[in-house]
Amino acid sequence: MAEPGGGPGTPHRPVLLIETTGLLAPERGGLFVDATLGLGGHSEAVLEASDETRVLGIDRDREALRLASERLARFGARFQCAHANFRDIARVMSGAGERVASGVLADLGVSSLQFDTPGRGFSFRHDAPLDMRMDAEGQEETAAALLERLPEEEIARVLYEYGEERKSRRIARWIIERRERGEPLRTTGELADLVARAVGHRRGERIHPATRTFQALRIAVNRELEGLGEFVETAVDLLQPQGRLAVISFHSLEDRIVKRALRRLSGHCECDPRRAPVCTCGARRAVEILTRRPVVPSEQEVGENPRARSAKLRACLKL
Ligand SMILES: C[S@@+](CC[C@H](N)C(=O)[O-])C[C@H]1O[C@@H](n2cnc3c(N)ncnc32)[C@H](O)[C@@H]1O
């Protein structure tokens, strides 16, 4: 049974690469902020598009910054990077002496580097400490610590909301019972085993029964949804006129946040006129949406890279 990844040894491939660079139009030149640098695949394509293009990469994972910096060293001073959360994009840009950007990209979620490194605890393919932190320096609470701290209802909510796990209550109960026996969960193998025993085998299901639980915990540990809407707004503010923002999401909750932020920024008011005669949702006409529907990977891309399966790309143009 498979996890959502492409299986052991799947090489990292940037998702929706042609579609994303098509929307970002890096051949225009100028500064592009890659807010989720990862292994630098998208940034490499942006830098290759024109000698006039520069990239400022941001990642909260130091190992990703190290590997991307090696990969992009051949671009010299046209590439620089910073260890930060993308919520701090304005501070990172001003620290680098930059005021405006030609483009901003966010390719959200976990990288194959994080997923495939056994010791980091993102995957149950390897038995490892239950960690899952993208930024081991800046974040204190591991997945194991989170499961020791949260009350039962909160564990169930996390599994249901972030993992769409139908048996969230049952899994939460099993976790609490184990905790009460004085045997907290410490490793990925222990958690995967507990979930598999709690939910049993679901007929016809091809993914491992713990897949949803692992996804949900990762999102909670890294607070992946927090500040995403504000990031989209700030990124648009930092674009120069005709600048472009592209966001790739992998989860329906992420996509909903991005979609709603872009709608507000294109002037679509979400207020109920019966309740609020004056707009309070912050709608303003700052962008034109370039993707009426999200761009999704072709069958061929999904066939070659199963990790692309749930990707959705949305983009806008600053007016
Ligand atoms: C899907 S990968 C990006 C892959 C990249 N586009 C490439 O082609 O190699 C996502 C990256 O974003 C980083 N990341 C996720 N959330 C972040 C945040 N809030 N701030 C900064 N980096 C973040 C992760 O550490 C990970 O390295």
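Residues take numbers from 1 onward in each chain, read along the sequence in its written order. The predicted origin of the model limits local features to residues at a pLDDT of at least 70 and limits the giving and counting of side-chain atom pairs to 80 or more, whereas totals for whole chains, interfaces and linings rest on all residues.

1. A short note on the overall build of the chain
Link 1 in the chain: Tallying secondary structure elements over the chain gives 13 helices and seven strands in all.
Link 2 in the chain: For this measure, only C-alpha atoms enter the radius of gyration; the expected value for a globule follows 2.2 Å times N^0.38, where N is the number of residues. Expected size for 319 residues packed as a compact globule is a radius of gyration near 20 Å; at 20 Å, the chain falls within 12% of this value.
Link 3 in the chain: Counting all 319 residues of the chain, 45% fall into the buried class. Comment: elements are numbered from the N terminus, with helices defined as DSSP H or I runs of at least four residues and strands as E runs of at least two. Three exposure classes are used, based on other C-beta atoms lying within 10 Å of a residue's own C-beta, which is placed from the backbone: buried for 20 or more, exposed for 12 or fewer, and partly exposed in between.

2. Brief notes about the site of the ligand
Link 1 in the chain: Only the C-beta atom, placed from the backbone, is used; a residue is near a molecule or strand if that atom lies within 6 Å of it. In the region of the ligand, 19 residues are neighbours, and Thr36, Gly38, Leu39, Gly41 and Asp107 sit closest.
Link 2 in the chain: Elements that contribute at least two residues to the shell around the ligand include exactly helix H2 (41–49) and strand E2 (53–59).

3. Section: the sheet that holds E2
Link 1 in the chain: Strands are labelled as partners when DSSP assigns at least two bridges between them. The sheet built from seven strands is open, its strands ordered E3-E2-E1-E4-E5-E7-E6 with mixed pairing. Only two strands of the sheet have a single partner each, and these edge strands are strand E3 (79–83) and strand E6 (287–289). The sheet shows a mean angle of 20° between the axes of neighbouring strands, direction not considered.
Link 2 in the chain: The sheet contact formed by E2 and E3 spans five bridges and is parallel. Within the sheet, the bridge partner assigned to Leu56 lies in E3 and is Gln80.
Link 3 in the chain: Two residues qualify as being in contact provided that their C-beta atoms, derived from the backbone, are within 7 Å of each other. Convention adopted: a line fitted to C-alpha atoms gives each axis, helices being fitted over their contacting stretch, and angles between N-to-C directions are expressed from 0 to 180 degrees. Here helix H1 (residues 17–24) sits on the sheet and contacts strand E1 (30–34), strand E4 (101–107), strand E5 (239–249) and strand E7 (312–318); the angle it forms with E5, its principal contact strand, is near 160°.
Link 4 in the chain: Together, E2 and E3 form the strand contacts of helix H3 (residues 62–71), whose direction differs from that of E3 by roughly 170°.

4. Topic: the domain arrangement of the chain
Link 1 in the chain: When cut into domains, the chain gives domain 1 (17–109 + 226–318) and domain 2 (126–221).
Link 2 in the chain: Just the C-alpha atoms count here: the centres of domain 1 and domain 2 sit 30 Å apart. Where a domain begins and ends is set by an automatic assignment or by a domain database.

5. Some points on the confidence of the model for the chain
Link 1 in the chain: By definition, pLDDT measures how confident the predictor is in each residue, and it falls between 0 and 100. The predicted model of the chain averages 94 in pLDDT, with 96% of residues at 70 or higher.
Link 2 in the chain: This stretch, residues 1–10, has a pLDDT under 50; its non-local contacts, to residues over four places away or in other chains, come to 24 contacts.

6. Some words on the pairing of E1
Link 1 in the chain: Burial runs high along E1: four of the five residues are buried.
Link 2 in the chain: The pairing of E1 with E2 spans five bridges and is parallel. Following the sheet pairing, Asp34 is matched in E2 by Gly57.
Link 3 in the chain: The pairing of E1 with E4 spans three bridges and is classified as parallel. The residue of E4 that forms the bridge with Phe32 is Gly103.

7. Overview of unusual backbone geometry
The phi torsion of most residues other than glycine is negative, and most of the peptide bonds are trans.
Link 1 in the chain: Notably, Ala25 is not glycine yet its phi reads approximately 50°, a positive angle.
Link 2 in the chain: Structurally, the position occupied by Ala25 is in the loop between H1 and E1.
Link 3 in the chain: Owing to 21 C-beta atoms within 10 Å, Ala25 belongs among the buried residues under this scheme.
Link 4 in the chain: You will see that Gln242, though not glycine, has its phi angle at about 75°, which is positive.

8. Side note on helix H7 (residues 152–163)
Link 1 in the chain: Expected helix span is given by 1.5 Å per residue-to-residue step, counting one fewer step than there are residues. Between its first and last C-alpha, H7 extends 16 Å over 12 residues, near the 16 Å set by a 1.5 Å rise per residue.
Link 2 in the chain: Of all the positions in H7, only Ile155, Ala156, Val158, Leu159, Tyr162 and Gly163 are classed as buried. The buried residues of H7 occupy an angular sector of 165° when the element is viewed end-on, so they sit on one face.
Link 3 in the chain: Residues of H7 that are buried in the fold lie against helix H6 (143–149), helix H8 (168–180) and helix H10 (211–221).
Link 4 in the chain: Phi for Glu164, located one or two positions after H7, is positive at around 50°. Note that the arc is computed from the directions linking the helix axis to the C-beta atoms.

9. Quick notes on the packing of H7 against H10
Link 1 in the chain: Their axes nearest at 8 Å, the elements H7 and H10 cross at an angle of 100°. Here H7 lies roughly perpendicular to H10, going by the angle between them. Facing H7, whose interface residues are Val158, Leu159, Tyr162 and Gly163, H10 presents Arg212, Thr213, Gln215, Ala216, Ile219 and Ala220.
Link 2 in the chain: The residue classification treats Ala, Val, Leu, Ile, Met, Phe, Trp, Tyr, Cys and Pro as nonpolar and Asp, Glu, Lys and Arg as charged. All others, Gly included, are polar. Of the residues in the contact of H7 with H10, the class split is six nonpolar, three polar and one charged. Each angle is binned into one of four classes, with values under 35 degrees roughly parallel, values over 145 roughly antiparallel, values of 65 to 115 roughly perpendicular, and all other values oblique.

10. Description of the nonpolar core
Link 1 in the chain: With 54 residues, the main nonpolar core has Val33, Ile89, Val104, Val232, Ala235 and Leu245 as its most contacted residues.
Link 2 in the chain: Residues within four places of Ile89 in sequence aside, it is in contact with Val33, Ala35, Ile58, Phe231, Thr234, Ala235 and Leu238.
Link 3 in the chain: Core membership is restricted to buried Ala, Val, Leu, Ile, Met, Phe, Trp, Tyr and Cys residues, and these are joined into a nonpolar core through C-beta atoms within 7 Å. Counting residues in hydrophobic clusters, the runner-up holds 29 residues, among them Leu147, Leu159, Ile175 and Val199.

11. Details of H8
Link 1 in the chain: Helix length check: H8 (13 residues) gives 18 Å between terminal C-alpha atoms against 18 Å at 1.5 Å per residue, within 8%.
Link 2 in the chain: Tucked into the core, H8 has its buried residues touching H6, H7, helix H9 (188–199) and H10.
Link 3 in the chain: Of the residues one or two after H8, Gly182 is the one with positive phi, at around 75°.

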